[in-house]
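# Examination of the molecular architecture
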Amino acid sequence: MKQYKHSVSLDIEKCKGCTNCLKRCPTEAIRIRDGHAVINSDVCIDCGECIRRCPYQAKKATFDHFEDIDAKKYRIALPAPSFYGQFVDLDDVDYVLQGLLDIGFNDVFEVARAAEIVTEYTRRYMREENVSYPVINSACPVVVRLITLRFPYLCDHVIPMMPPIELAGKMAREEALQKHPELKPEDIAIVFISPCPAKASYVKNGFLGEKSHVDYVVSMSDIYFKLIGVMKKNVIPKAVSQSGMIGMSWASTGGEASALFNDKYLAADGIENVIRVLDEIETGHFPMLQFVELNACPGGCVGGVATVENPYIARVRLQALRRYLPVSQNRLEKDDNEGYPEEILFPKDLEYRPVGKFDEDLSTAMQKMSEIETLAASLPALDCGSCGAPTCRAFAEDVVLGGRSVDECIVYMRERISELGKNPEQETDQSSGEDQP
Ligand code: SF4
Ligand code: SF4
């Protein structure tokens, strides 16, 4: 399998091995080895939860640098809708868009604009026959990767439609080539201003074998600090924004779903809630739902780790900004029943790609599973993390599958030593046999 390129990584010098991240990683991707955290790249979904939890800032997100893009002839900024919620007293998004031009971008294309088009296509998709309900949104790359790693029965529930970031990248390049026929496609840099590291990983890896239409992903906080120095409150900016209430609503939880005008929806945010909802859907607990909007970050994209503002405050600001906007500035001209273009759809089906399979051979896999169950039952069930695994069950898997020694569990060892103290003959018996319980 091709190695997945991650944006979340560890600064080993700063890591104290404190186990805070270990306990909160939703996919149990972290272990503590030799006094510091190690991330299993096969299982990490770039949710950024470990960045939020680390008290020593040892976990970090890697983005492209604004300065790296200078070499490109024509730079187009793609601000995410959540970007507008970062600014105090902003009453017109054109101040932000003008600021982006002032710091060196040649053009801007709002992702909110593409989001309004995706909303229209989603409505059409939901009216088709043979749709697998509930339809799950595809906008959050953390959720999509999580489903492909862990929820085999939900892969065909994910709407097979490219997220707004992709459509925005594609449209931005096409429009630039039309406006400036002297440009070649390679002269153009499409730069997404991202609230989270998962979007950076998504762009680096491409999606389902296709290269992303976005070329660079810069952090929202990086651009925010460049922008506040140049934004001029006393100069009325040119009216360039082309998005409405619907596009802006995608920034926070429930915005995408409520724009579908279909009451049978559920919207959840925060990675733990997302996993809970996916578990429930997989077990068939929500038969009445038609659409499920899931966002890994608390509050939706406004809660991404690369934002600067508290997500609740950002959300309130966006509500105020939306108030005077038209519902949408991107209604499709064609009749509502006319479907959608081929290129908006996933290039191929989303596939379940499990990692950490016990074994290719079914009987060996069953045997390993049984060994894990037996060992897990003999462990203290404290989930203390002192062995370097997040739970006793994960430690049992590490012993059976990953060659760790059960002696690394200090509670198990203490109990064993205490038993040996009471019954010294046991040592002679055990030393001649297997080391496992
Ligand atoms: S939270 Fe994780 S990365 Fe941060 S110091 Fe503790 S073990 Fe290291
Ligand atoms: S980014 Fe998320 S999945 Fe990856 S190691 Fe951190 S907490 Fe775990």
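As shown above, the structure is provided for reference.
Let us look at the structure shown here. Predicted model, so just to flag it, every value in this text is computed and none were measured.

Quick look at the overall build of the protein chain now. In terms of helices and strands, the protein chain carries 16 helices and 11 strands. Radius of gyration (C-alpha) of the protein chain: 25 Å, near the 22 Å computed for a compact globule of 437 residues. C-alpha atoms of the protein chain, sized along the principal axes, occupy 85 × 50 × 40 Å. For the protein chain, the proportion of its 437 residues judged to be buried stands at 51%. Once local pairs closer than 6 in sequence are excluded, the contacts in the protein chain between residues at least 24 apart make up 78%. Mean positive and mean negative side-chain charge positions of the protein chain (49 and 66 charges, respectively) differ by 5 Å.

As a further point, take helix 11 (residues 271-282). Taking 1.5 Å per residue as the helical rise, helix 11 with its 12 residues ought to reach 16 Å, and the 16 Å between its terminal C-alpha atoms agrees with that figure. Those residues of helix 11 that sit buried are Ile 271, Val 274, Ile 275, Val 277, Leu 278 and Ile 281. Buried residues along helix 11 cover an arc of 165 degrees about the axis, so they all sit on one side. Buried positions along helix 11 lie against helix 2 (49-53), strand 7 (135-136), helix 5 (141-150), strand 10 (265-269) and strand 11 (291-295). Of the residues one or two after helix 11, Gly 284 is the one with positive phi, at around 80 degrees.

With that settled, the discussion passes to the pattern of salt bridges. By the definition in use, this model includes 20 salt bridges. Where Arg 317 meets Glu 309, a salt bridge forms, and the shortest distance between an N and an O atom there is 2.9 Å. The class for Arg 317 is buried, based on a relative accessible area of 18%. The shortest N-O distance in the salt bridge between Arg 416 and Asp 407 comes to 3.9 Å. Each of Arg 31, Arg 33 and Asp 398 takes part in one network of salt bridges that share partners.

By the definition in use, this model includes 0 disulfides. Residue Cys 301 stays outside any disulfide, its sulfur separated by 6.3 Å from that of Cys 196, the closest cysteine. Overall, Cys 301 belongs to the partly exposed group, its relative accessible area being 23%.

Moving on, we get to the sheet that holds strand 8 (residues 188-194). Judged by pairing direction, the sheet is parallel, and its 4 strands sit side by side in the order 6-5-8-9 without closing on themselves. The two strands at the open ends of the sheet, each matched to only one other strand, are strand 6 (107-108) and strand 9 (216-219). Alignment of strand 5 (residues 74-79) against strand 6, held across 2 bridges, turns out to be parallel. The partner of Ala 77 across the bridge, within strand 6, is Val 108.

Moving on to the site of ligand 2. Inspection of the region around ligand 2 gives 13 residues, with Cys 25, Cys 44, Ile 45, Cys 47 and Cys 50 positioned closest. Across the shell around ligand 2, the residue classes break down as 9 nonpolar, 2 polar and 2 charged.

Moving on: the site of ligand 1. As a structural note, the neighbourhood of ligand 1 is formed by 14 residues, with Cys 15, Lys 16, Cys 18, Cys 21 and Cys 54 the closest of them. Split into classes, the residues belonging to the shell around ligand 1 amount to 9 nonpolar, 3 polar and 2 charged.

On to a nonpolar patch on the surface. On the surface, Phe 225, Ile 228 and Val 308 cluster together into a nonpolar patch covering about 270 Å² of accessible area. Inspection of the secondary structure puts Val 308 in the loop between strand 11 and helix 12 (311-322). Of the residues examined, Val 308 reaches a relative accessible area of 32% and is grouped as partly exposed.

With that settled, the discussion passes to the packing of helix 5 against helix 11. In a packed pair of helices, the relevant descriptors are the angle between the two axes and the axis-to-axis distance. Contact geometry for helix 5 and helix 11: axes closest at 12 Å, N-to-C directions at 45 degrees. With respect to helix 11, the axis of helix 5 lies oblique. Considering how the two elements wind past one another, helix 5 and helix 11 form a crossing that is right-handed. Along the contact surface, helix 5 presents Val 142, Val 143, Leu 146, Ile 147 and Arg 150, while helix 11 presents Ile 271, Val 274, Ile 275, Leu 278 and Asp 279. Residue composition of the contact of helix 5 with helix 11, by class: 8 nonpolar, no polar and 2 charged.

Parameters and conventions
Residues numbered from 1 in each chain as written. Chains lettered and ligands numbered in written order. Predicted model: local features only at pLDDT ≥ 70, side-chain atom pairs only at ≥ 80, totals over all residues. Heavy atoms only, no water. Helix = DSSP H or I, 4+ residues; strand = E, 2+ residues; numbered from the N terminus. Rg over C-alpha atoms; globule rule 2.2 N^0.38 Å. Buried < 20%, exposed > 50% of the residue type's maximum accessible area, 1.4 Å probe, protein only. Contact = heavy atoms within 4.5 Å. Lys, Arg positive; Asp, Glu negative; His and termini not counted. Charge placed at Lys NZ, Arg CZ, Asp CG, Glu CD. Expected span 1.5 Å × (residues − 1). Arc of directions from axis to C-beta. Salt bridge = Lys/Arg side-chain N within 4 Å of Asp/Glu carboxyl O. Disulfide = S-S within 2.5 Å. Pairing = 2+ DSSP bridges. Near = heavy atom within 4 Å. Nonpolar A, V, L, I, M, F, W, Y, C, P; charged D, E, K, R; others polar. Patch = residues over 30% accessible without salt bridge, like charges linked within 9 Å, V, L, I, M, F, W, Y side chains within 5 Å. Areas by Shrake-Rupley, 256 points an atom, 1.4 Å probe, with all protein chains shown as cover. Axes fitted to C-alpha atoms, helices over the stretch in contact; angles between N-to-C directions. Parallel < 35°, antiparallel > 145°, perpendicular 65-115°, else oblique. Left-handed = near helix turned anticlockwise from the far one by under 90°.

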